[in-house]
Amino acid sequence: MSGKRKKIVAFLCNWCTYTAADLAGTSRLKYEPDIRILRVMCSSRVDPVFILKALMDGADGVLVGGCELGDCHYQRGNYYARRKVAVAKKIAADMGLDPERIRLSWISASDGPRFAEVVNEFTREIEEKGDTPVKHEAYV
Amino acid sequence: MKIAKKIPGRNREALRGLLESMVEKGAAESLFAAAANKRGDSFSYFLMKRGSLPDTLEPLPPIMSRSAAGMLTYLTRKGPLPGKTLVVLRPCELRAVTELRKLNQIHADNLVTVSFDCPGVFPLKDFFKGKAAVLIEQHEKALSDGTLAGARNVCAICAEFTGEGADIELGFLGVPEGECWAVANTEAGAQCLGLVEGEDVGDLSSRDEAVQAAKERRAVERKQRLLAFQQEVGGPENIAKVLENCLNCHNCMRVCPICFCQECYFESSAFRAEADRFLARAGRKKGLSMPADTLLFHLGRMSHMSVSCVSCGACEDACPADVPVSLFFSLVGRSTQGIFDYVPGRDVSEPVPYLHYEREEFQEMEAPYLEKRGQD
């Protein structure tokens, strides 16, 4: 990896993706450090506002991680999360922000390696896109 | 079940007469409709009981001071109204009531809704600045021909301006001069309307044609206006330009019938932070406009309520800074509702997108990670 590090905000669900991140750590897997993790109890806790706030404030990317469909700790949370991400992407696009800076991935608790791969892959994508244009701009 | 009656009188006079006689004949215990305030040139919704109806009843005011849907939330918060109540609603208010019923914010038991062909209303500020008598007369004329010059932004491009979802629908368009047609769309409506004397309308086709033509015209205007607005506000800089006059007063949220939360997230402590946090943002962003997060407030409302936005325009009437909030929400609403093929207020049995999901949908939202790995 070259150049300046990006800022990627990651909302990870407590039961799966966050646990996978934990596993990646305890397994000593290496992944790109551009990511800033926030633990939420369920991916459906991620209000589209959180995603938009991160992007408006200059995050280069936002990752939402949840359990595999059908495996949600709360039965249905990730189905709702998917709808919320759809809305966030739509509003972002309407506002002229790149919706591809928002990523939704399902990573189960036992899949530490996959967590590392997703982070690396997303970081690579964001690096290709470069800095978000709103990073240094003052918006109301 | 569908009955239609001729009601004599010019538009607002006809509706007033119909309501009064329905209440008098015992169709309902109470009435929730607009009436003139004491000063005579402004209007509010009033809750009225049989036997004590005021003589200032004005069910078709040329302004919408507050959305009736929001007031019905307030009124039925602790339970339904005890007796049958006739509620006069503009088509947009009716759609908002439908949305709020889905969200369990209105107890609709005992409500009998009455709606009508709405030509739109004047912006509050224009009405209060202008000559009331002149504007009321203009509005009366517009009821018959369907177009109101000087109407609010969203009214001018409203394509859902009839009361077809109501229990009783009043038609002014395409009906002979000096009368209006009352159509009962439901059993509850038919029970009320059945008590009123009036000649049956045999053939409704002249109204249907007039409504259809007006709808098509408005739909084209809506599309064009929203497209023009979209070009005006495309891109973050342009959005900021449109919204930077915003005072962050939250009036739009307070008058919005769909914004029913008891405590708004944007008024919660989530946005309180230490001064050095604000300073850090200011340093990063070439200055931080205060109060901070004004644009985010609008983005937040877009994501929270735009799927249910009925384009009633209450937000813009309440805006002290002339921000075109209602067009903004019509535009964003159209696109967020489009994701789910959802039309707010269409059908009370159609669930609100946030409270519903399908197992197989939006697969394109999930990053295509699995496939990529499969190829390796």
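Below is a short write-up of the structure. Given the structure is predicted, the values throughout are model-derived calculations rather than measurements.

So, the sheet that holds strand E7 (residues 179–184) of chain B
All names here are of chain B.
Argument step 1. Taken together, seven strands build an open sheet; the order of strands is E1-E7-E6-E5-E4-E2-E3 and the sheet is mixed. The sheet terminates laterally at strand E1 (3–8) and strand E3 (43–49), the two strands that pair on one side only. Averaged over all pairs of adjacent strands, the angle between their axes in this sheet comes to 25 degrees, without regard to strand direction.
Argument step 2. Examined bridge by bridge, strand E5 (residues 111–116) and strand E6 (residues 168–171) share three bridges and lie parallel to one another. The partner of Val-114 across the bridge, within E6, is Ile-168.
Argument step 3. Strands E3, strand E4 (85–88) and E5 of the sheet are contacted by helix H3 (residues 91–102), whose axis makes an angle of about 145 degrees with E5.

Side note on a positive patch on the surface
Argument step 1. The grouping of Lys-4, Lys-7 and Arg-36 of chain A together with Arg-284 of chain B at the surface amounts to a positive patch.
Argument step 2. Locating Arg-36 of chain A in the fold gives a position in strand E2 (residues 35–40).
Argument step 3. Taking the relative accessible area as the measure of exposure, Arg-36 of chain A reaches 38% and is therefore partly exposed.

Thoughts on the nonpolar core
Argument step 1. One finds Ile-51, Ile-91 and Met-95 of chain A together with Leu-72, Leu-299, Met-302 and Phe-328 of chain B to be the most contacted residues of the largest nonpolar core, which totals 102 residues.
Argument step 2. The contact partners of Leu-72 of chain B, leaving out residues within four places of it in the chain, are Phe-32, Val-87, Leu-89, Val-97, Ile-106 and Leu-111 of chain B.
Argument step 3. Residues Met-48, Leu-60, Leu-170 and Phe-172 of chain B belong to the second largest nonpolar core, which totals 31 residues.

Comments concerning the pattern of salt bridges
Residues and elements named next belong to chain A.
Argument step 1. Within the structure shown, the criterion is met by 32 salt bridges over all chains.
Argument step 2. Two residues, Glu-68 and Arg-114, come together in a salt bridge whose shortest N-O distance is 3.1 Å. Of the two residues, Glu-68 sits in the loop between strand E3 (61–66) and helix H3 (77–94) while Arg-114 sits in helix H4 (residues 112–129), which places them 46 residues apart along the sequence.
Argument step 3. A residue is classified by how much of its surface remains accessible, and Arg-114, at 7% relative accessible area, is buried.

Considerations on the layout of surface pockets
Argument step 1. Taken as a whole, the largest pocket spans an internal volume of roughly 1000 Å³.
Argument step 2. Lining the largest pocket are 38 residues, and of these Ile-258, Cys-259, Phe-260, Cys-261 and His-304 of chain B sit closest to its centre.
Argument step 3. Looking at the lining of the largest pocket, the elements that each hand over two or more residues are helix H2 (48–56) of chain A together with helix H2 (68–75), helix H10 (251–255) and helix H12 (294–305) of chain B.
Argument step 4. Looking at the lining of the largest pocket, its residues break down into 21 nonpolar, eight polar and nine charged.
Argument step 5. Along the walls of the second largest pocket sit 28 residues, with Lys-53 and Asp-57 of chain A together with Arg-277, Arg-281 and Arg-284 of chain B positioned nearest its centre.
Argument step 6. The leading source of residues in the lining of the second largest pocket is helix H11 (residues 275–284) of chain B, at five residues.
Argument step 7. When grouped by side-chain class, the residues that make up the lining of the second largest pocket number 14 nonpolar, two polar and twelve charged.

What counts as what
Residues numbered from 1 in each chain as written. Chains lettered and ligands numbered in written order. Predicted model: local features only at pLDDT ≥ 70, side-chain atom pairs only at ≥ 80, totals over all residues. Heavy atoms only, no water. Pairing = 2+ DSSP bridges. Helix = DSSP H or I, 4+ residues; strand = E, 2+ residues; numbered from the N terminus. Axes fitted to C-alpha atoms, helices over the stretch in contact; angles between N-to-C directions. Contact = heavy atoms within 4.5 Å. Patch = residues over 30% accessible without salt bridge, like charges linked within 9 Å, V, L, I, M, F, W, Y side chains within 5 Å. Areas by Shrake-Rupley, 256 points an atom, 1.4 Å probe, with all protein chains shown as cover. Salt bridge = Lys/Arg side-chain N within 4 Å of Asp/Glu carboxyl O. Lys, Arg positive; Asp, Glu negative; His and termini not counted. Charge placed at Lys NZ, Arg CZ, Asp CG, Glu CD. Buried < 20%, exposed > 50% of the residue type's maximum accessible area, 1.4 Å probe, protein only. Core = buried A, V, L, I, M, F, W, Y, C linked by side-chain atoms within 4.5 Å. 1 Å grid on protein atoms, 1.4 Å probe; cavity = no way out; pocket = protein on both sides within 12 Å on 5 of 7 lines; lining within 4 Å. Points joined across faces, edges and corners; volume = space filled by probe spheres on them. Nonpolar A, V, L, I, M, F, W, Y, C, P; charged D, E, K, R; others polar.

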